Amino acid sequence: MARAAAAAACVQAVLGSRASANRVFELLELLGGEDEEDAACAARACGRLFGALLERGELLAGPLPAEEACLAGSGSAEDKYKAWMRHRYQECVAGLAELMGHGAFRLKELALCTLMRFVELEAKHPLVAAERQGSRTFPRERLKVVVDGLLPINEDASLLISRFQEYMEYDDIRYFVIKAVTGSIAQVMQKTKERPLPFYQQNVFSLISPINMPNKESDMVKFLVKQDNWEELKVSKLQAHKQAFEKMWLSFLKHKLPAGLYKKVLVIMHDSILPYMNEPTLMTDFLTVAYGIGGAISLLALNGLFILIHQHNLEYPDFYKKLYSLLDPSIYHVKYRARFFHLTDLFLSSSHLPAYLVAAFIKRLSRLALTAPPEALLMIIPFICNLFRRHPACSVLVHRPNGPAGMSEDPYIMEEEQPSQSRALESSLWEIQTLQNHYHPDVAKAAAILNHSLSEIEDDLSGLLELSAYELFDKEVKKKAIDVPLEFEQVRGLFGKKNDIFAEHFTLD
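### Observations concerning the packing of helix 13 (residues 284–293) against helix 14 (residues 295–311)
Taken N-terminus to C-terminus, the directions of helix 13 and helix 14 make an angle of 145°; their axes are 7 Å apart at the nearest point. Read as a crossing pair, helix 13 and helix 14 show a hand that is left-handed. From helix 13, Thr284, Leu287, Thr288, Ala290, Tyr291, Gly292 and Ile293 reach across to helix 14, where they touch Ile297, Ser298, Ala301, Leu302, Gly304, Leu305 and Leu308. Grouping the amino acids of the contact of helix 13 with helix 14 by side-chain chemistry returns nine nonpolar, five polar and no charged.

### Some points on helix 12 (residues 259–273)
Of all bends in helix 12, the biggest is about 35°, found at Val267. Within the sequence span of helix 12, burial applies to Leu261, Tyr262, Val265, Leu266, Ile268, Met269 and Ile273. The secondary structure elements touched by the buried residues of helix 12 are helix 10 (198–208), helix 11 (238–253), helix 13, helix 14 and helix 16 (337–347).

### So, the layout of surface pockets
Rolled over the atoms, a probe with the dimensions of a water molecule shows which regions are left empty. Put simply, the second largest pocket is a space of about 310 Å³. Going through the elements one at a time, helix 14, helix 15 (319–325), helix 16 and helix 17 (355–369) are the ones with two or more residues in the lining of the second largest pocket. Per-element tally for the lining of the second largest pocket: the top contributor is helix 15, with three residues. Looking at the lining of the second largest pocket residue by residue, the classes come out as 12 nonpolar, five polar and two charged.

Thresholds, definitions, all that
- Residues numbered from 1 in each chain as written.
- Predicted model: local features only at pLDDT ≥ 70, side-chain atom pairs only at ≥ 80, totals over all residues.
- Heavy atoms only, no water.
- Axes fitted to C-alpha atoms, helices over the stretch in contact; angles between N-to-C directions.
- Helix = DSSP H or I, 4+ residues; strand = E, 2+ residues; numbered from the N terminus.
- Left-handed = near helix turned anticlockwise from the far one by under 90°.
- Contact = heavy atoms within 4.5 Å.
- Nonpolar A, V, L, I, M, F, W, Y, C, P; charged D, E, K, R; others polar.
- Bend = angle between axes of the 7 residues up to and from the residue.
- Buried < 20%, exposed > 50% of the residue type's maximum accessible area, 1.4 Å probe, protein only.
- 1 Å grid on protein atoms, 1.4 Å probe; cavity = no way out; pocket = protein on both sides within 12 Å on 5 of 7 lines; lining within 4 Å.
- Points joined across faces, edges and corners; volume = space filled by probe spheres on them.

This is the structure we're talking about:
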């Protein structure tokens, strides 16, 4: 309480009389001190003091000369005071920027909120001349200090970034944050010589990934800086926002990313990045490289490629060959299984696909199904049935004369990378026939459907894509068992033996 009272007295003295202006040094000294409570009191006091000075117009507006040159010049006492106090304001901002890197979160949050208060006040009482007559200048430099504080290189700032997200609801703040992030990436990453900076890149991602871009210009109605001539300014144009957004993401993605972050970017690519770019095809190289890496990264790249192929006419000559190569035993176990099979279903929906290609997919999926868990099998069997419904020419795999019994060996070549060379159409679907003897009754029942003519209506896969082992087990547990009469000898005693001595002393209830 005593510290807060002392800080408040300093503020009151400085605001009450210019003769007490030097007392501002007391606050700045506390702000840069090691004591946490002193720093917190000083940050609050500085916020009140310089906030009031900004509102009263007692800080020099326009270019700020060096302090010595200003005080030694021939200007008025009023101008010298304002310039001197403007220098103290700069010191205060630098001190708050340092506090954003403090170990205590409450100090980080306090510094952030104080700096954003300065951004708001400078927007209303500019210290920089307007770019155009009749307009106000957004305090970009002050906001840049905040953005730099949110993006430390050696620590995780996700908690502080989440606190900052409420300010991103303003259209102009979002626009200038995007600009500041682009500049920060260029400045920081050029020094690494292609070496990833995990903390910094994760912080950048945490800041830019939740950005909620407007869908149309009429949605842009919330601005921190109110302007009279919006139609003349870029910050009011959706096109300008999209260009800045696009440049920011391209700048971020041109540098090597840690593997975990690579996956996070691909997860949000299709719905949070591509729809808000002026030219989504600029992501073609990034997505095709990711698609060629293999494993989970290739699976995640499928969503973005799907949008580019179907909505932006991207041509990918070996697309189906690569998709075919992604089918390996892990495909039934990966975290992104539902997403992969949803997209694969879309890619194989065209009736213009050649029969040999679809047959190769059917055979490979069936072969891999032999070692798949029951929850995956209950999804993949209807998936294969739908492929037969769309492509009747592939039904020879089921109805081949003599079936697998008439074959000395399966002609299908599992190791062949080219679907056209796999000889799938010469084979039969003995794998599904094998699954008709599966230990899980639901799987055996699902596999038996190929013994009969398929209906024309496709199976709905939406409820099966996310099926988990837990749900399957829970379903089995809740089943009501039917009593089956069996012959058995009733158990007696603890160990079930007829003449067990324990039976004389213990009973089973």
